[in-house]
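Structural overview for review
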Amino acid sequence: MAFDLLIENSKGLVQVRDSTPTFLSGSEMGNLPILPNAYVAVKDGLIVDYGRQEDAPSEATQKVDASGRFVLPSFVDSHTHLVFAASREEEFVMKIKGVSYEEIAAAGGGILNSAKKLQSISEQELFDRSMPRAIEIIQSGTGAVEIKSGYGLTVKDEIKMLRVARKIGAETGLTVKTTFLGAHAVPREMTKPNYLRLILEEMIPAVAEEKLADYIDVFCEEGFFSRDETLSIVEQGKKFGMKPRIHANQLSRSGGVQVGVAAHALSVDHLENIGDEEIELLKGTQVMPTALPFAAFFLGLPFPPVRKMLNAGLPIAIASDYNPGSSPSGSMPLMFSLACIKMKMTPEEAFNAATINTASCLELLGSHGSITKGKKANLIITKPAPSFAYLPYRLGYDWIDQIFLNGKRINYT
Ligand code: NIG
Ligand code: FE
């Protein structure tokens, strides 16, 4: 077979698997397969072969020498809000001065501030402002991403956000999954019951009509949407073909995990405030507990009790939560380091959490999340590194040297 691309002499192919499990949980998460001194071959955008260097094919259109470097599958980021109109560094300064995230939100800042800005610009303008963030995450090693709406809060603006998210997928090499998050906050000019009616009766059908969302999400939190409201919204979403994922237990024991389990959500995300009861409930379910370590770090919240959850046999995913308020970074290498430093995950557990488990909860495990024959050739070649653990250890150092999406070298500079 004539290969399009051959990456050879790699110090190690990381996350190499002949076949992939449905997800990794508990003690399995500590096992990260690395094939030393190896090659990987690509054709038509897919991984078609890999093995020990001594067995490497000799012919390929393009050859890349990866001596001293690791080759990784791209990260899969299963939770972002990267379509937004403007940054919110003024709130960052308020928080430094002691105002809390909840106080900022209650004063009309936060999500409502982002919504006001987004409502005032066109779809094209929103696309133009969001694309640099898509390029930024590609350059930091993400190959597939979930993007939520939730800064529109009107039928037409939620649709505008989701169209932009879809267009980002169409115009970059990123694989994009979209989530309708109309229930992110109640607009200032509406009552809660009226807004709920708008979500249930108008937004969900309109989003479904254009097939704009793969999933539905709700910010289940005190001061935002209650447990019962969350359940009725996601059940309506399911009727229109959108599977649930839930913003759960970020600022309080909101009942979000209970709803996630009851509604068979694909994931429950945040979990800074979960207790033993929620951990028990998650056992034996297919709901992916997802930690967003930069959001916890940025807001000064406790980190989810990941070691306790792993000891209980649960899986863990980690994602960026890229958004202008609580997590102004889409860097998965940063999440990888924070998961190790702040949540005491080993490098192997954290990398599994950011590839296999995020791909699993985005229903992308057939094509993403590992170096496996037949999967997309979404690959990262690192700079020279003495060991795999060196990567998360070098927090703040850009250890990525080259990126390939669908077998093509990405170079935006
Ligand atoms: O995931 N928690 C709710 N939504 C976002 C923050 C949104 C914002 O502050 O703009 C989050 O942290
Ligand atoms: Fe979020």
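Presented here is a report on the structure given in the accompanying data block. (Residues numbered from 1 in each chain as written. Chains lettered and ligands numbered in written order. Predicted model: local features only at pLDDT ≥ 70, side-chain atom pairs only at ≥ 80, totals over all residues. Heavy atoms only, no water.)

Considering the overall build of the protein chain
Looking only at helices and strands, one finds 15 helices and 16 strands in the protein chain. In summary, the protein chain has a C-alpha radius of gyration of 21 Å against a globular reference of 22 Å for 413 residues, a match within 12%. Projected onto its principal axes, the C-alpha positions of the protein chain cover 70 × 45 × 45 Å. Taken across its 413 residues, the protein chain has 61% of its residues classed as buried. The long-range share in the protein chain, meaning contacts at least 24 apart out of those at least 6 apart in sequence, stands at 74%. Counting every atom, the protein chain has about 15,300 Å² of accessible surface; 52% of that belongs to carbon and sulfur. The averaged location of the 48 negative side-chain charges in the protein chain is 2 Å from the averaged location of its 42 positive side-chain charges. (Helix = DSSP H or I, 4+ residues; strand = E, 2+ residues; numbered from the N terminus. Rg over C-alpha atoms; globule rule 2.2 N^0.38 Å. Buried < 20%, exposed > 50% of the residue type's maximum accessible area, 1.4 Å probe, protein only. Contact = heavy atoms within 4.5 Å. Areas by Shrake-Rupley, 256 points an atom, 1.4 Å probe, with all protein chains shown as cover. Lys, Arg positive; Asp, Glu negative; His and termini not counted. Charge placed at Lys NZ, Arg CZ, Asp CG, Glu CD.)

Comments concerning the site of ligand 1
The environment of ligand 1 is made up of 15 residues, and the closest members are Tyr 101, Tyr 151, His 184, Asp 321 and Ser 326. The contact in question runs from an oxygen atom of ligand 1 to an N or O atom on the side chain of His 247, over 3.0 Å. Gln 250 places a side-chain nitrogen or oxygen 2.9 Å from a nitrogen atom of ligand 1. Considered on its own, ligand 1 offers 320 Å² of accessible surface; in the complex 100% of this is hidden by protein. Here the residues of the shell around ligand 1 are counted per class, giving four nonpolar, nine polar and two charged. (Near = heavy atom within 4 Å. Polar contact = N/O pair within 3.5 Å; in protein donor to acceptor, adjacent residues only side chain to side chain. Nonpolar A, V, L, I, M, F, W, Y, C, P; charged D, E, K, R; others polar.)

Things to note about the sheet that holds strand β10 (residues 243-248)
Taken together, the eight strands give an open sheet; going across it, the order is β6-β7-β8-β9-β10-β11-β12-β13, and neighbouring strands pair in parallel fashion. Across the chains shown, the open sheet's two edge strands, defined by having one partner strand only, are β6 (75-77) and β13 (317-318). Pairing between strand β8 (residues 175-183) and strand β9 (residues 215-220): three bridges, direction parallel. Its bridge partner lying in β9, Thr 179 is registered against Tyr 215. Seen against the sheet, helix α7 (residues 227-239) touches β8, β9 and β10 and runs at an angle of roughly 175° to β9. (Pairing = 2+ DSSP bridges. Axes fitted to C-alpha atoms, helices over the stretch in contact; angles between N-to-C directions.)

Description of the pattern of salt bridges
Opposite charge on two side chains permits them to pair, given that their charged atoms come into close proximity. Under the defined criterion, the tally for this structure stands at 20 salt bridges. Residue Glu 90 is joined to Lys 117 by a salt bridge in which the shortest nitrogen-to-oxygen separation is 3.7 Å. Here Lys 117 lies in helix α3 (residues 110-119) and Glu 90 lies in helix α1 (residues 89-96), a separation of 27 residues in the sequence. Its relative accessible area of 37% is what places Glu 90 among the partly exposed residues. The exposure class of Lys 117 is partly exposed, given its relative accessible area of 27%. The closest approach of N and O atoms between Lys 160 and Asp 157, which form a salt bridge, is 3.0 Å. Here the residue Lys 160 and the residue Asp 157 both occupy positions in helix α5 (residues 155-171), the gap between them amounting to three residues, near one helical turn. (Salt bridge = Lys/Arg side-chain N within 4 Å of Asp/Glu carboxyl O.)

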